[in-house]
Each structure stands twice: as structure tokens, then as C-alpha cells.
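Spelled out from the first residue to the last, the chains are:
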Amino acid sequence: MRDLYTHLASGVLFPLHERLKGHASVAERRRLEASQWLEPEQIRVLQVQRLRDFLVDIGRRVPYWRDLFRAQRFEPASLRSVADLAALPLLTKATIRQNADAMKAEGHGPLSRYNTGGSSGEPLVFFIGKARKSHDVAAKWRATRWWGVDIGDREAVIWGSPIEHGAQDRVRALRDGLLRSTLLPAFEMSPQRLNGFVAALRRKRPAMVFGYPSAIDHIARHAESHGQRLDDLGIRVAFVTSERLYDEQRSRIQRILGCPVANGYGGRDAGFIAHECPSGSLHLSAEDIVVETVDPEGRPVAAGQAGEIVVTHLATAEFPFVRYRTGDVGVLDADTRCACGRGLPILRELQGRTTDFVVAANGTVMHGLALIYVIRELPRIQSFKVVQWSRQRTEVSIVPEPGFDPALLAQIAAGVRRRLGEAVQVDVSLVEAIAPEKSGKHRYIVSHALTEPETSATAGVGHA
């Protein structure tokens, strides 16, 4: 039940903040909260209508897309289904970098410059208009309210993006204070920092926690190992995003924080794509985001099959993202209706980034879990990271706990070779700490072998 201050923050303070910024977030949230209860077929019809209008608009106002539609003899007004998008090429980061100016709409309004952190090895600079910002706020806001919490409820944000920290000026600090949101920077996870995070959570007693699953999990494990409870604070939900959520992380966070975990999927470039509801389904924001899945050659795959997630964001008319390759792998669900009653389609599985996959010496592509399973059940291991430099060489870094048996290093190397090939060089070393990515994220698996030319003809997404 929301308290009086939460009513004030969500009903007055935050809407005023958004209005002053020229955002239509409140109206967008109300639209989304109404449309989520439509029947699935009604949502599909609405999506196609909006997609057609969006394509007609950018075909008139955006030089890059106008020229591309003409070259492809693509008529946006004739679009009848999402499947018609397959007539257009996939949009890559390289294409955006090469055509950034031509991708801005003629007569566009204010555009903000953004960039991705480049954890996939391909940093990207792009631009976002006010319509896209309004949608992103509204989509996240809608999903927040699914869990019985709202803007203005006490929130702890465990995050690490330089953009967030660079903007932490007086105005933002004042806003966060008014909205009762506390930022805990996830760049450094030293014991001293972790002690401070646990103390801050106990002091603030947030209703919700938001952040990287690896960071929240790390704080939770630290608290438990030091006899500090976090399940008595009244936390109602832990929202996680930006990394793959592993089953053991979900279970541990739920147990130690004493609350459910709500997974979210999206990115700074692709937008907020899907959110988990209390019934356990990862719902796509289908009113404004069109999601396709394709094979390694860019051909559409059927629902129920794993493929790379490709996104068309209908609120990006001023700098359009059309059939944008996310680099993520997932499985769409064609028929399931969620018990929550919402008609929104479901992302059945989110298997991770394409860079969360590894390549065996014989060219077989498998999920990084194939190597994670080799390591994660072994005793006295605090954390680890696997870097596949090539098909021929893989490096494993281990942060040991007291009492770690050095004989396990040979066992790890042998286990990795069994998965990747007996001739593969596997170097396993003990380190004091594993630094996060520049964004603050922690990645268990990094594969550079996926980009090797010889894998292109044989690569296919498989399961370990």
C-alpha cells in the first residue's frame, strides 16, 4: 500500500518534473496501462498500425531511410504484418556509425547524444529524442507498478554507468532526494564498499532495489557471510537488468533479500524491451517495440526457436532504430497467455548476448553456461571470468576464497578442454580481484572467437 508521500511523488512531483522536461511520460504510461489488458490479437493489430505509420513517417523525413526504402522498393504504406519487415536489411552498429547524420529526421526536435559502453567490443554513439525518452520512462514505470511499488517509494539503485554518475549534479541529487532514490555506485566491490552498501540498505530500508544482478547478488552474499540480515528490511521487489540473470542468482537474491526478483531486458540503445510480471512471464512492450528473432544469416526464425533479437522501436522517429541487431539471443513465445491476464506477448527465454556464447575448436557454438558449469559448483571460489581469445586459447581467472585447493586449477583446465576441444590451450590463474567492465557490469564469459571468419559458415546457436 502506497504511503502519502508516494502518492505525492508519483502523482505530483514526478509528473511536474517530466512536464518541465517536455516529456509525455504520464500520458504514455496511462496509454500503456490501458493497452496491456487488450486481447493479444488486438495488440497485434495496434502494433502493425503503429509500425506502418512509423515507417511512413521516417520514409518521408529521414534521409537514410528514405533512400533505403527507395533502393529496396519498399512501400511502408503497404505493410500488412510484422513479417513484411523482412524485406529490409538488418541495422547494425557499424551502419549507424557510418550514417549517423543521415539518420536524423529533417525538422527533428532536441536530440540527446548517448552511447553504449561497448562491452560487446562495439561502442556506439546515437541520438534520442523526447518521444523515445517518454516511452522509456513510461515502459519502466508501468512495469514498476506491476509489483505494487511506485515512484516515490524508497529505492536503492545499484548501478555503474558513467553517464549516471557524470550527471549526478546538484539538480539530479535534489530530484533523487525528492523521489527517495539512493544511488549506490557499482564500480568497485571492495570489502569496505560492500560494508557501506549493506549499511546503506539497512539505514534506508528501501521498498525496491534496482540494479545489475551480479552486483545485487554480490552485496547479498557479502551481507550473509558477515551475519547481516537483509530480509527484515521490507524490500518488496528487486528489479534486475542489463546482464543475464542466472537461476542461482535469482534464488540467492530472493532468499537473502526476502523478496521476489523481477527481471528486465533492454538496453540504452534498443530501449526497454521486456519486463517480468509477478506471474513470472517476461512481457514484451509490444505497443511500441517490434521484436523479431533471426538466425546467424539474418533470416527470421519461428517462435519457439532461439535466434538473435532484432528490434524496431516505434518511438524513435527522430533517429530511427529499424530492425536493429541487439546481439542478444532469445526465444519468442507464440501462443502462451500469461496468468496475469495481460495480452502482451512473451519472451520465453533470454539466453544472453551473442558474446555470452563460446565456440569449440570444431566450430560448434554453445552457450557460455557450458564453461560456467565447469567452475561454479567447485568449492572456495569467490568469483571467476572466462575469456576465449580464440578457438585455440582460453583464459580463466579465479578469485579464490581461503582454503581453496590449488589442485582444482588443473581440474578446471581439463573441464574446459572437454567442452572446447582437447587441443585447446587453457590457462587458469588465481587473481586477487576481477575488474568490472567500464559500465560497471560483471561478465562471466567473454568470447572473441565468435568474430573469427572461419566460424561464420558453421556457427549456430546451441545449448550446452
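Residues numbered from 1 in each chain as written. Predicted model: local features only at pLDDT ≥ 70, side-chain atom pairs only at ≥ 80, totals over all residues. Heavy atoms only, no water.

A.B. asks: Summarise the pattern of salt bridges; cite the residues concerned and give the values.
C.D. replies: Across all of its chains, the model carries 29 salt bridges by this definition. Close ionic contact of E287 with R142 constitutes a salt bridge, the shortest N to O distance being 2.8 Å. Taken together, the residues E287 in the loop between β9 (282-284) and β10 (289-294) and R142 in helix α6 (residues 130-146) connect sequence positions 145 residues apart. There is no split in this pair, since E287 and R142 are both buried. The shortest N-O distance in the salt bridge between D333 and R348 comes to 3.6 Å. (Salt bridge = Lys/Arg side-chain N within 4 Å of Asp/Glu carboxyl O. Helix = DSSP H or I, 4+ residues; strand = E, 2+ residues; numbered from the N terminus. Buried < 20%, exposed > 50% of the residue type's maximum accessible area, 1.4 Å probe, protein only.)

A.B. asks: Residues and numbers for the sheet that holds strand β19 (residues 445-447), please.
C.D. replies: Taken together, the 4 strands give an open sheet; going across it, the order is β18-β17-β16-β19, and neighbouring strands pair in mixed fashion. Strands at the two margins of the open sheet, each flanked by one partner only, are β18 (425-430) and β19. Direction aside, the axes of adjacent strands within the sheet are offset by 15° on average. Pairing between strand β17 (residues 393-400) and β18: 6 bridges, direction parallel. Looking at the pairing, T394 lines up with V426 of β18. Here helix α13 (residues 408-420) sits on the sheet in contact with β16 (381-388), β17 and β18, set at roughly 150° to β18. (Pairing = 2+ DSSP bridges. Axes fitted to C-alpha atoms, helices over the stretch in contact; angles between N-to-C directions. Contact = heavy atoms within 4.5 Å.)

A.B. asks: Tell me about the nonpolar core, and please be specific about residues and values.
C.D. replies: Membership of the largest hydrophobic core comes to 46 residues, with the highest contact counts inside it found for I158, L230, F239 and L257. Those elements that provide at least two residues to this core are α6, β3 (155-159), α9 (191-204), β5 (208-211), α10 (213-225), β6 (237-240), α11 (247-257) and β7 (261-267). Here L257 is in contact with V209, I216, A220, L230, D231, I235 and A238, once residues within four sequence places are set aside. If you look at the next biggest cluster of nonpolar residues, it comprises 41 residues, including W65, L79, L284 and F321. (Core = buried A, V, L, I, M, F, W, Y, C linked by side-chain atoms within 4.5 Å.)

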